[in-house]
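Listed here are the chains, written in short residue letters.
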Amino acid sequence: MEAKKFRFLKIVGVGFKARTEVEGRQLFLKLGYSHEVEFSVPPAVRVFCFKPNIICCTGINNISLQVLSAAANLPKFTRARV
């Protein structure tokens, strides 16, 4: 898959972290809960973490990236900036 669109999300907060597994197919967010929040990434999107607080979403079309970014913005604690 050749990535044509990129979207960067920055998690702002003390102790908030993100990590990915399974070649960018699963995103785990540590947002102050007693457990990690798990996101399953759609098939047309890959997710990478350059730093524990910076998430890079790549994909072919912009719509799937917007859906994933909107899902990551749902909890009050994330304050993800695009």
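Our subject is the structure that appears above.
So, here's what we can say about the structure. (Residues numbered from 1 in each chain as written. Predicted model: local features only at pLDDT ≥ 70, side-chain atom pairs only at ≥ 80, totals over all residues. Heavy atoms only, no water.)

Re the sheet that holds strand S3 (residues 26-30)
- In space, the three strands of this open sheet follow the order S2-S3-S4, with antiparallel pairing throughout. The open sheet has two edge strands with one neighbour each: strand S2 (17-21) and strand S4 (37-40). Pairs of neighbouring strands in the sheet enclose a mean axial angle of 20°, with direction left out of account.
- Pairing geometry for S3 and S4, over four bridges, is antiparallel. Residue Leu27 lies in a different strand from S4, and its bridge partner there is Phe39. (Pairing = 2+ DSSP bridges. Helix = DSSP H or I, 4+ residues; strand = E, 2+ residues; numbered from the N terminus. Axes fitted to C-alpha atoms, helices over the stretch in contact; angles between N-to-C directions.)

What to know about a nonpolar patch on the surface
- Where nonpolar side chains cluster on the molecular surface, the patch consists of Phe6, Phe8, Phe48 and Phe50 and spans about 470 Å² of accessible area.
- Only strand S1 (5-10) and strand S5 (45-51) provide two or more residues apiece to the nonpolar patch.
- Residue placement: Phe50 occurs in strand S5. (Patch = residues over 30% accessible without salt bridge, like charges linked within 9 Å, V, L, I, M, F, W, Y side chains within 5 Å. Areas by Shrake-Rupley, 256 points an atom, 1.4 Å probe, with all protein chains shown as cover. Salt bridge = Lys/Arg side-chain N within 4 Å of Asp/Glu carboxyl O.)

Overview of the packing of aromatic side chains
- Following the criterion strictly, the structure yields one aromatic pair and no others.
- In this arrangement the basic side chain of Arg19 is found over the ring face of Phe28, its NZ or CZ atom lying 4.4 Å from the centre. (Phe/Tyr/Trp six-rings, centres within 6.5 Å; stacked < 30°, edge-to-face > 60°. Lys NZ or Arg CZ within 6 Å of the ring centre and 35° of its normal.)

A few points about unusual backbone geometry
- For Val22, which is not glycine, the phi dihedral falls at a positive 55°.
- Inspection of the secondary structure assignment puts Val22 in the loop between S2 and S3.
- Accessibility expressed as a relative area gives 54% for Val22, which makes it exposed. (Buried < 20%, exposed > 50% of the residue type's maximum accessible area, 1.4 Å probe, protein only.)

Details of the pairing of strand S6 (residues 54-59)
- Burial of S6 is extensive: five of the six residues sit out of reach of the surface.
- Of the pairings in the sheet, the one linking S1 to S6 comprises six bridges and is antiparallel in character. For Leu9, the partnering residue across the bridge sits in S6 and is Ile55.
- Two elements, S5 and S6, share six bridges in a ladder whose sense is antiparallel. Pairing of Lys51 across the sheet is with Ile54, part of S6.
- Linking S5 to S6, which pair antiparallel, is a turn of two residues.

Describing the pattern of salt bridges
- Taken as a whole and judged by the stated rule, the model has two salt bridges.
- Arg19 is the partner of Glu21 in a salt bridge, and the nearest nitrogen-oxygen pair spans 2.3 Å.
- What makes Glu21 partly exposed here is its relative accessible area of 34%.
- Take Arg19: its relative accessible area is 32%, and that puts it in the partly exposed class.
- Here Glu36 makes a salt bridge to Arg19, at a shortest N to O gap of 2.8 Å. You can see Glu36 sitting in the loop between S3 and S4 and its partner Arg19 sitting in strand S2, a full 17 residues away along the chain.
- Within the structure, one salt-bridge network assembled from shared partners comprises Arg19, Glu21 and Glu36.

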